[in-house]
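Summary of structural features
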Amino acid sequence: MALQGTLKDFSITEIIQLIGQQLKTGILKIRRGKNLAEIYFVDGMIVHVYSNYRGKKDLIGEILVKAQLITEEQLERVLKIQKETLKYLGEILVELKLLTKEDVLKVISTQIYETIYDLFWWEDGVFNFDLKLVESYKKIPFALSTEQVLLNILRMVDEWSEIEKKIFSPHLVFKKVLPIEPKTSETITQPT
């Protein structure tokens, strides 16, 4: 085990920054009770994340269906192919021309940012970083700079405090409102 400790001693920012600066390859595991998150690094770049507590909402296929980029039926078909071939879901989606590489990369980035953003709010827990070979996506090369991820997440954390000032409840559900069509001179009736 190359690096281990508690989040009370070292923040998630310090840990990720160290791994990135040292250009390490391996898996960072962060555990708080039964909750586990893993961040996969190749040469100091983030290539993948996993969490056992975010559930289905964190799975790439579910994110794609929710974003209406693919249908449930397409996801089921791709999952069946994945089970038979053991290929990455994103690679199959691109091979079948259901999505572009760019679409897949956006979803992977979103998954990484959301998982690491969650970790910024963990005040306690333990971590360990194992130096080991990490397999990255072959057909869809992907890696995020640790510095860029940290800067963006720190910005998100800063902005959250401003959002909290304007939203009185974390349980609000926002609904998209269709724009009101402006009245034209033909539809406005003049009083006589």
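Residues numbered from 1 in each chain as written. Predicted model: local features only at pLDDT ≥ 70, side-chain atom pairs only at ≥ 80, totals over all residues. Heavy atoms only, no water.

**A few points about the overall build of the chain**
Along the chain, the regular secondary structure elements total 6 helices and 6 strands. Its helices and strands taken in sequence order, the chain reads β-α-β-β-β-α-α-α-α-β-β-α from the N to the C terminus. Expressed as a percentage of its 192 residues, the buried residues of the chain come to 36%. Across the chain, every contact between residues at least 6 apart in sequence was considered, and the portion connecting residues at least 24 apart equals 66%. Accessible surface computed for the chain: about 13100 Å², of which carbon and sulfur atoms make up 56%. (Helix = DSSP H or I, 4+ residues; strand = E, 2+ residues; numbered from the N terminus. Buried < 20%, exposed > 50% of the residue type's maximum accessible area, 1.4 Å probe, protein only. Contact = heavy atoms within 4.5 Å. Areas by Shrake-Rupley, 256 points an atom, 1.4 Å probe, with all protein chains shown as cover.)

**Some points on the sheet that holds strand 4 (residues 45-51)**
Spatial strand order, 1-5-2-3-4-6: 6 strands in an open sheet with antiparallel pairing. Pairing within the sheet leaves two strands with one partner each, and these edge strands are strand 1 (3-6) and strand 6 (144-145). Pairing of strand 2 (residues 26-32) with strand 5 (residues 126-131), which is carried by 6 bridges, proceeds in the antiparallel orientation. When the bridges of strand 5 are listed, Ile 27 appears paired with Asp 130. Relative to the sheet, helix 1 (residues 12-21) contacts strand 1, strand 2, strand 3 (35-42), strand 4 and strand 5, its axis offset from that of strand 2 by approximately 170 degrees. Relative to the sheet, helix 5 (residues 101-119) contacts strand 2, strand 3, strand 4 and strand 6, its axis offset from that of strand 4 by approximately 70 degrees. (Pairing = 2+ DSSP bridges. Axes fitted to C-alpha atoms, helices over the stretch in contact; angles between N-to-C directions.)

**Looking at the side chain of Thr 115**
Within the secondary structure layout, Thr 115 lies in helix 5. Judged by its relative accessible area of 0%, Thr 115 is buried. One polar contact links the side chain of Thr 115 to the main-chain carbonyl oxygen of Gln 111, over a distance of 2.9 Å. (Polar contact = N/O pair within 3.5 Å; in protein donor to acceptor, adjacent residues only side chain to side chain.)

**With respect to the packing of aromatic side chains**
Applying the stated criterion across every chain, the model contains 3 aromatic pairs. With centroids separated by 6.4 Å and ring planes inclined at 85 degrees, the aromatic side chains of Phe 10 and Phe 127 adopt a geometry described as edge-to-face. With Phe 10 in the loop between strand 1 and helix 1 and Phe 127 in strand 5, this pair connects stretches of sequence that are 117 residues apart. Residue classification places Phe 10 among the partly exposed positions, given a relative accessible area of 44%. Geometrically, the ring pair formed by Tyr 117 and Trp 121 is edge-to-face, given 5.9 Å between the ring centres and 75 degrees between the ring planes. (Phe/Tyr/Trp six-rings, centres within 6.5 Å; stacked < 30°, edge-to-face > 60°.)

**Regarding the environment of Leu 3**
Inspection of the secondary structure assignment puts Leu 3 in strand 1. Sequence-wise, Leu 3 and Leu 131 are 128 residues apart; in three dimensions their C-alpha atoms are separated by 8.8 Å. Residues within four places of Leu 3 in sequence aside, it is in contact with Ile 15, Leu 18, Phe 127, Asn 128 and Phe 129.

**Points about the nonpolar core**
Core analysis: the largest hydrophobic core is formed by 41 residues, its most contacted members being Ile 16, Leu 28, Ile 30, Ile 39, Ile 46 and Ile 116. It is helix 5 that contributes the most residues to this core, 8 residues altogether. Setting aside its immediate chain neighbours within four residues, Leu 28 contacts Ile 12, Ile 15, Ile 16, Ile 19, Ala 37, Glu 38, Ile 39, Phe 41, Phe 127, Asn 128 and Phe 129. (Core = buried A, V, L, I, M, F, W, Y, C linked by side-chain atoms within 4.5 Å.)

**Let's talk about the pairing of strand 5**
Direction of pairing for strand 1 relative to strand 5: antiparallel, over a ladder of 4 bridges. Bridged to Gly 5 within strand 5 is Phe 127.

**Here's the deal with the confidence of the model for the chain**
Of the residues in the chain, 83% reach a pLDDT of 70 or more, and the chain-wide mean stands at 82. Mean pLDDT per element in the chain: helix 6 (residues 146-166) is the minimum at 77, and strand 2 is the maximum at 93. (pLDDT = per-residue confidence, 0-100.)

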